[in-house]
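Close look at the chain arrangement
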Number of protein chains: 6
Amino acid sequence: MTESVFYADLPWPEVAARVAAGAPIFLPLGATEQHGRHMALNVDVVIPTAIAVRAASLVGGLVLPTVAYGNRSQPKTGGGPRFPGTLNLTAHTFALIVRDVICDLYRQNVRKIVTVNGHFENIGPTIEGIELALDALGRDVVRDLVILRVDHWDMVQPQTLDRIFPDGYPGIELEHASVIETSIMLALRPELVDLARATHDGPANFRPYDRYPRPSDEVPDSGVLSLTEGSSAEKGEWLLADSVNGIVAMIESEFSKGCKA
Amino acid sequence: MTESVFYADLPWPEVAARVAAGAPIFLPLGATEQHGRHMALNVDVVIPTAIAVRAASLVGGLVLPTVAYGNRSQPKTGGGPRFPGTLNLTAHTFALIVRDVICDLYRQNVRKIVTVNGHFENIGPTIEGIELALDALGRDVVRDLVILRVDHWDMVQPQTLDRIFPDGYPGIELEHASVIETSIMLALRPELVDLARATHDGPANFRPYDRYPRPSDEVPDSGVLSLTEGSSAEKGEWLLADSVNGIVAMIESEFSKGCKA
Amino acid sequence: MTESVFYADLPWPEVAARVAAGAPIFLPLGATEQHGRHMALNVDVVIPTAIAVRAASLVGGLVLPTVAYGNRSQPKTGGGPRFPGTLNLTAHTFALIVRDVICDLYRQNVRKIVTVNGHFENIGPTIEGIELALDALGRDVVRDLVILRVDHWDMVQPQTLDRIFPDGYPGIELEHASVIETSIMLALRPELVDLARATHDGPANFRPYDRYPRPSDEVPDSGVLSLTEGSSAEKGEWLLADSVNGIVAMIESEFSKGCKA
Amino acid sequence: MTESVFYADLPWPEVAARVAAGAPIFLPLGATEQHGRHMALNVDVVIPTAIAVRAASLVGGLVLPTVAYGNRSQPKTGGGPRFPGTLNLTAHTFALIVRDVICDLYRQNVRKIVTVNGHFENIGPTIEGIELALDALGRDVVRDLVILRVDHWDMVQPQTLDRIFPDGYPGIELEHASVIETSIMLALRPELVDLARATHDGPANFRPYDRYPRPSDEVPDSGVLSLTEGSSAEKGEWLLADSVNGIVAMIESEFSKGCKA
Amino acid sequence: MTESVFYADLPWPEVAARVAAGAPIFLPLGATEQHGRHMALNVDVVIPTAIAVRAASLVGGLVLPTVAYGNRSQPKTGGGPRFPGTLNLTAHTFALIVRDVICDLYRQNVRKIVTVNGHFENIGPTIEGIELALDALGRDVVRDLVILRVDHWDMVQPQTLDRIFPDGYPGIELEHASVIETSIMLALRPELVDLARATHDGPANFRPYDRYPRPSDEVPDSGVLSLTEGSSAEKGEWLLADSVNGIVAMIESEFSKGCKA
Amino acid sequence: MTESVFYADLPWPEVAARVAAGAPIFLPLGATEQHGRHMALNVDVVIPTAIAVRAASLVGGLVLPTVAYGNRSQPKTGGGPRFPGTLNLTAHTFALIVRDVICDLYRQNVRKIVTVNGHFENIGPTIEGIELALDALGRDVVRDLVILRVDHWDMVQPQTLDRIFPDGYPGIELEHASVIETSIMLALRPELVDLARATHDGPANFRPYDRYPRPSDEVPDSGVLSLTEGSSAEKGEWLLADSVNGIVAMIESEFSKGCKA
């Protein structure tokens, strides 16, 4: 039978043995969301999954199935919930998924959980899902549980951003479908990127407030919030390396007991 | 850019065009659940995804990301919620996912939806999710929406079951991790099956009632509810062919407007 | 004051004493749902209530008020949620009722609970309600609690089905408002049955999938999914006897401590 | 087939015809709650059901199955949620039941609904359930729907109270399990009353506030909040007559279109 | 830094010290609801806040921010949810606020909580919120927690009512925006009262039942359910004194351990 | 009667008239959360309320009661949910409050709503509450509704930040209880600030990920995430002016119809 870093590729006795041996369990959190005319809708799924796979391979961890539907996309960070192609869960639904998975992992004796997020709008409901799981399990009860919550872009080193953005980093929110995500996708799944379709109608110049139900027309038609120029697979590998190394270092620092297979 | 039957492998303009052209959208519904010592935990994900891909390819449809976490496994149909490796959502969470995805598909002008289910316990919450979506959208409003809900095993022809089970079909519930699922996995992902690990401790002989919170010890230790002997990739292809053909015929019958690309 | 097998016919000190003495508590679960032109809407209430009463009488148990509103009727198993006369709860509401009643029984020291179900669509939400109660009470806490969940038709012996259906049993789902339910009603409440009104427009020949929001027109106009011919009170008594005997045997087997008054 | 005032005793074509003819539909709302040592737990079910039956008989209405589980009993109005025998739903569960039933009645073209309540603590969640149904159906949409909400004790005429309580009426809250309810039960179901068991440990002298989680010990041990002396079936009939007559007058006044069969 | 009876006017170390010293924590519960043409919408906020402040000052307690949005106003007790100006929460939302605040107070070692309510329709959802908090915290766990729930009008002495209503007290429900509330507002915030605008179109003569979705036209146009004549600041002070004294006496009686700073 | 910018200080006819005249309605969103040893717990209430009041005064708007309980504080942005003094709502509760208030405003013909937020963790649940309100009201229905969502710190001009932070702005998240909030509080409520108590144990140096249930010990003991040195009332007024001017400009730009009284 296959060796695999994917939790669900293994039969249950193998998973049970790996959990008993202290394997950290990775939960990638993504979305199905527009990422410009030049990239597929699964960018927020592909990236955190790949990072989790690389990190888990290095630390003897296992990667759960990625949650492929994310919390409602917002105009300033992803184009918004009404953009064609984007599919949105309510915040409550997303939080309940996270709660249920964490509760069940705990009941199966998993004590080391790492969520790796690829979709900005998931941050809040992921935190809420974790808090709801802790409420349900009992904070006084789960003394040996550690959950680490990572947004992959926060693991990127400042010097890497300096190399990629010599004229200054626009910030992760504006980076939607832009150089960072495009570069990582070029590194991971180049067949899902077609830079020839990038229409360069950005960057967005957002007003400092939100309008509902009809957002102001500041989202570029393409859905790219910033720029794609300068994207490359090489830069994508720099970014991936930072995220993976950061997560490995985090795990070595935070999980007291050795967890490498 | 890649041609793909996967909705999320495409950029948003391509998805929007395909939806406008009448492409049916497939939503595979799975689970992460023990399937015996001889198979991976992702059987209920792999099978409905593969069937949806084959059917969508034939009818010009698109396949959404599979929901990889299912409603709580039960002892008689999947080993139960406390089996190692199995991860369970509450029925409410699962129904909300289905509701949210359907509501958002509708708002993006999708009018032909096909759910393809691979996990017995998902049946009820899928129905509830569909009903909740219809409640939210308004049954009087959604006049041009058609949702078809398929459990892949129900598409298998009686004659195929006769060929596979010359001594009689034990019924889909007992078939958990048994000949049907094992054969299909041998056809689709043989590297995730190791028949040498099958321990032949079944079939289960269930009492005609359920006990909670500690089910009676009728679930075989392996998690295989019936038998694996006689499984083969060839039989798996028979079963897949029935499901795919059945779905294609269903789509041709139910969706009035032609939807082939 | 009256002796009674009904929990709610007794004053609280009597109930408290019976619970302290180990009486199993029966919770019948029904529905208000069309059952053809020839039977009342309360078939799914009358039958599980009567079975619970007979079984409770034999084992010194008490019968709670029947939940008379069931989870949404579906076309293939009951005619569907839009059939005239049928009243439907959402799955979540039904599950919450079961959760609340079980939680409160537990807090009042009841440790032996038997749910007796008469409505197919209740199966999933009853399981969910039980699981929610266990989540709320704490599975590690409720060590002495046993909940048995029974669908009355599953208690019928194969030989009884052979006697009633010499040409083969169509399965419980198609049996809606058909020979089994009609026979039991003839035994229990003949004034609620009028075979002269049965219109023989079945059996239904369902497609192997579901369609929403407008189901295919396969449900016979009468709402009878199979046949009523051959129904008789005598057969009804055979069926009742199987269910009652099965439940009594189950209780004797599952509840370690004697519970007869 | 039987003539019946009970909705669920009829087959669906008869119910559909009666609804089409304008029959008001009665929904009795009760509880399973301690009512002293001298009465059964079903007082709050028996009374509103009987009143609804009598009123429906007079106006050509139909009576739905009584909701037999009520919102959490409180010490000052029913002894409290921890009294032996009492079974409590959360307010949310109770409200959802009312919501679901009303929504489904509306969808089946019922436009005249009368809720008849027998349990003080149900008042709030009944109102909430009605409001939730109106929110769901759309207040602008349901222009021809009328829901009347009755607490049976509010229909009693002042002169009747004067006759029954020549020394002054203590108010309905203190009347729990006391003269009013005992008298009505003596009229309706005398076999469920045993005045010899009444222990006369009241009336309760409640402090003007509530304490949680352990209420002050002001609830008499018996669960009778006031007095039972002076209860009689004759007084029960006076009270029933007031309620029934009040409801009939209300229906004649509020439902513009004649609704008698 | 300021001395203050308001919890939120203090820095966290001061609050922590006061809680550790046994200070009771007051939670005022109000509403934003019409109170006639002659008074502001914040009557139900102003009154319980002022009472809590006075009582807390006397017993060394702290007053939390008032919940300023209440459960849905009803016609007979506040004019109803559609009255201009009134803003309504659902019962579930209101109960969740109470639940969350109590749970968090408990986790921060607060063991003495007093809710002071100024809005009739809040009673039920406040009880439900308290019960939900107890369900979540575990009734067996919170052995040292005491929550006291007060409706300010229930603290008024009978002799005070006799002085204010020599012709008989109409009852608190009809008192909405009438003499009691007007008098207290004249005492507390006279600038928010303009008796010249009182239109004397009451008192309401309510039918003994509720009608939905369009209540009968019994609510006086002004929104005043009874009368305003005879209101005075002096009477307001009598009422406030009763409430404050009653709460102080309650606290001295119920909280065993001294709690004055 | 008083003139007031506070919605709830007015009687209902005045509010109805102001709404009919097009007054924008402001909803300030705050929290009760630790803000260091040197400031009160109500910083996130005081600031958005004051900004809303100033802006509303300039544009003829009205200010609703501030929601004084916020979504769960997190360590990196507010010290975390277990910090003494902080009181937390779940994300779902907070979103429901926003949903309910917006739905009710809409039903009362308010079409111009401005939420002014003072608590970082409220951003997500406020968006969710708005989306839930739009889901409930129907996005196709509310064509004339405009909701503007403002976080006050986002209205501050870059040049103001340059003046205040000549060495570089640390970003709003780290600014918790630091120079920005302290300066604004010195301008608004100096009696709630005592700089002598500031302990200078920051700035926090957060790891780029979150840990649950026990956050890493990176939150300074004081709860101040950055620095307080250099705070002044004058700087507070600069910040307030930016926020107020920004909101006024936003309103003039976004609300087509004039709305000044």
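Residues numbered from 1 in each chain as written. Chains lettered and ligands numbered in written order. Predicted model: local features only at pLDDT ≥ 70, side-chain atom pairs only at ≥ 80, totals over all residues. Heavy atoms only, no water.

1. Remarks on the packing of aromatic side chains
Counted by the stated rule, this structure contains 18 aromatic pairs over all chains. Between Trp-12 of chain E and Phe-83 of chain F, the ring centres sit 5.1 Å apart and the planes meet at 85 degrees, which makes this aromatic pair edge-to-face. In this pair, Trp-12 of chain E is assigned in helix 1 (residues 12-20) and Phe-83 of chain F in the loop between helix 3 (75-78) and strand 4 (88-89), connecting two distinct chains. Pair check on accessibility: Trp-12 of chain E and Phe-83 of chain F agree, each one buried. Ring geometry for Phe-165 of chain E versus Tyr-169 of chain E: centroids 5.3 Å apart, planes at 45 degrees, classification tilted. Sitting over the ring of Trp-238 of chain B, Arg-163 of chain B keeps its end group 3.6 Å from the ring centre. (Phe/Tyr/Trp six-rings, centres within 6.5 Å; stacked < 30°, edge-to-face > 60°. Helix = DSSP H or I, 4+ residues; strand = E, 2+ residues; numbered from the N terminus. Buried < 20%, exposed > 50% of the residue type's maximum accessible area, 1.4 Å probe, protein only. Lys NZ or Arg CZ within 6 Å of the ring centre and 35° of its normal.)

2. With respect to the pattern of salt bridges
Counted by the stated rule, this structure contains 108 salt bridges over all chains. Asp-151 of chain F serves as the salt-bridge partner of Arg-149 of chain F, at 3.0 Å between the closest nitrogen and oxygen. Residue Arg-149 of chain F shares its accessibility class with Asp-151 of chain F, and that shared class is buried. By sharing partners, the salt bridges in this structure join Arg-72 of chain A together with Glu-128, Glu-131, Asp-135 and Arg-139 of chain F into a single network. (Salt bridge = Lys/Arg side-chain N within 4 Å of Asp/Glu carboxyl O.)

3. With respect to the arrangement of the chains
These two, chain A and chain D, are apart from each other, with no contact and a minimum C-alpha gap of 17 Å. Contact between chain B and chain E is absent, and the minimum C-alpha spacing across the pair is 18 Å. (Contact = heavy atoms within 4.5 Å.)

4. Some remarks on the sheet that holds strand 7 (residues 210-212) of chain E
Whenever strands of a sheet pair, they do so through backbone hydrogen bonds, lying parallel or antiparallel. Pairing is mixed in the open sheet, where five strands are placed in the order 2(D)-1(D)-5(D)-6(D)-7(E). Whereas interior strands pair on both sides, the edge strands pair on one side only; in this sheet they are strand 2 (62-63) of chain D together with strand 7 of chain E. Strand direction decides the pairing type here: strand 5 (residues 112-117) of chain D and strand 6 (residues 146-151) of chain D, joined by six bridges, are parallel. Paired with Val-114 of chain D across the strands is Leu-148 of chain D, a residue of strand 6 of chain D. Packing against the sheet, helix 2 (residues 43-59) of chain D makes contact with strand 1 (25-29), strand 2 and strand 5 of chain D, and its axis sits at approximately 165 degrees to strand 1 of chain D. (Pairing = 2+ DSSP bridges. Axes fitted to C-alpha atoms, helices over the stretch in contact; angles between N-to-C directions.)

5. What to know about the packing of helix 2 (residues 43-59) of chain C against helix 7 (residues 179-188) of chain C
Residues and elements named next belong to chain C. With their axes 10 Å apart at the nearest point, helix 2 and helix 7 run at an angle of 60 degrees to one another. The chirality of how helix 2 crosses helix 7 is left-handed. Residues Val-43, Asp-44, Val-46, Ile-47, Ala-50 and Arg-54 of helix 2 lie in contact with helix 7, whose contacting residues are Glu-181, Ile-184, Met-185 and Leu-188. Among the residues making up the contact of helix 2 with helix 7, the classes are represented as seven nonpolar, no polar and three charged. (Left-handed = near helix turned anticlockwise from the far one by under 90°. Nonpolar A, V, L, I, M, F, W, Y, C, P; charged D, E, K, R; others polar.)

6. Looking at the sheet that holds strand 1 (residues 25-29) of chain A
Taken in spatial order, the five strands make up an open sheet running 2(A)-1(A)-5(A)-6(A)-7(F), and their pairing is mixed. Both outer strands of the open sheet, strand 2 (62-63) of chain A together with strand 7 (210-212) of chain F, are each paired with one neighbouring strand and no more. Summarising the sheet, strand 6 (residues 146-151) of chain A and strand 7 of chain F pair through three bridges and their orientation is antiparallel. In the sheet register, Ile-147 of chain A faces strand 7 of chain F, and the bridge partner there is Tyr-212 of chain F.

7. A word on the confidence of the model for chain A
Close reading of the predicted structure is inappropriate where its pLDDT is low. All names here are of chain A. Of all residues in chain A, 97% have pLDDT values of 70 or greater, and the mean over the chain is 93. A low-confidence stretch, residues 257-261 stays under pLDDT 50, and its non-local contacts, those more than four residues away or across chains, total 13 contacts. What the predictor reports for the complex is a pTM of 0.97 with an ipTM of 0.96. (pLDDT = per-residue confidence, 0-100.)

8. Details of the nonpolar core
The tendency in soluble globular proteins is for nonpolar side chains to be buried as a group. One finds Leu-64 and Tyr-69 of chain A together with Leu-64 and Tyr-69 of chain B to be the most contacted residues of the largest nonpolar core, which totals 88 residues. Broken down by secondary-structure element, the contributors of at least two residues to this core are helix 1 (12-20), strand 1, helix 4 (91-107) and helix 5 (123-137) of chain A together with helix 1 (12-20), strand 1 (25-29), helix 4 (91-107) and helix 5 (123-137) of chain B. If near-sequence neighbours (up to four positions away) are discounted, Leu-64 of chain B is found in contact with Tyr-69 and Leu-87 of chain A together with Tyr-7, Ile-25, Phe-26, Leu-27, Pro-28, Val-101 and Leu-105 of chain B. The next biggest cluster of nonpolar side chains, apart from the first, holds 87 residues, and it includes Phe-83 and Leu-145 of chain C together with Val-67 and Val-101 of chain D. (Core = buried A, V, L, I, M, F, W, Y, C linked by side-chain atoms within 4.5 Å.)

9. Considerations on the relation of the copies chain D and chain C
Its rotation angle being 180 degrees, the transformation that places chain D on chain C also includes 0.0 Å of axial translation and leaves an RMSD of 0.0 Å. Given the turn and translation reported, the copies of this chain are related as if by a two-fold rotation axis. Closest approach to the rotation axis within chain D is made by the C-alpha atom of Thr-93 of chain D, at a distance of 3.1 Å. Here 100% of the interface residues in chain D have copies in chain C that are interface residues too; the copies meet face to matching face. (Least-squares fit on C-alpha atoms with pLDDT ≥ 70 in both.)

10. Some details on unusual backbone geometry
The linkage connecting Tyr-212 of chain C with the following residue, Pro-213 of chain C, adopts the cis geometry, with an omega of -5 degrees. Residue position: Pro-213 of chain C is located in the loop between strand 7 (210-212) and helix 8 (233-254). At Asn-109 of chain E, a position not held by glycine, the phi torsion is positive, near 75 degrees. Of note, Asn-109 of chain E is situated in the loop between helix 4 (91-107) and strand 5 (112-117). With a relative accessible area of 52%, Asn-109 of chain E lands in the exposed category. Despite not being glycine, His-200 of chain F has its phi angle at roughly 55 degrees, a positive value. Here His-200 of chain F falls in the partly exposed class, since its relative accessible area comes to 46%.

11. A look at the interface of chain D and chain C
Counting residues at the interface gives 54 residues for chain D, matched by 54 residues for chain C. Summed over both sides, the interface of chain D with chain C buries roughly 4300 Å², with 61% coming from carbon and sulfur. In this structure, the salt-bridge partner of Arg-189 of chain C is Asp-9 of chain D, at a minimum N-O distance of 3.8 Å. For the side of chain D that touches chain C, the elements supplying multiple residues, two or more each, are helix 1 (12-20), strand 4 (88-89) and helix 4 (91-107) of chain D. Examining the composition of the side of chain D that touches chain C, we find that nine residues originate from one element, helix 4 of chain D, more than from any other. Residues belonging to the side of chain D that touches chain C are distributed by class as follows: 29 nonpolar, 13 polar and 12 charged. (Buried area = accessible area lost by both parts, 1.4 Å probe.)

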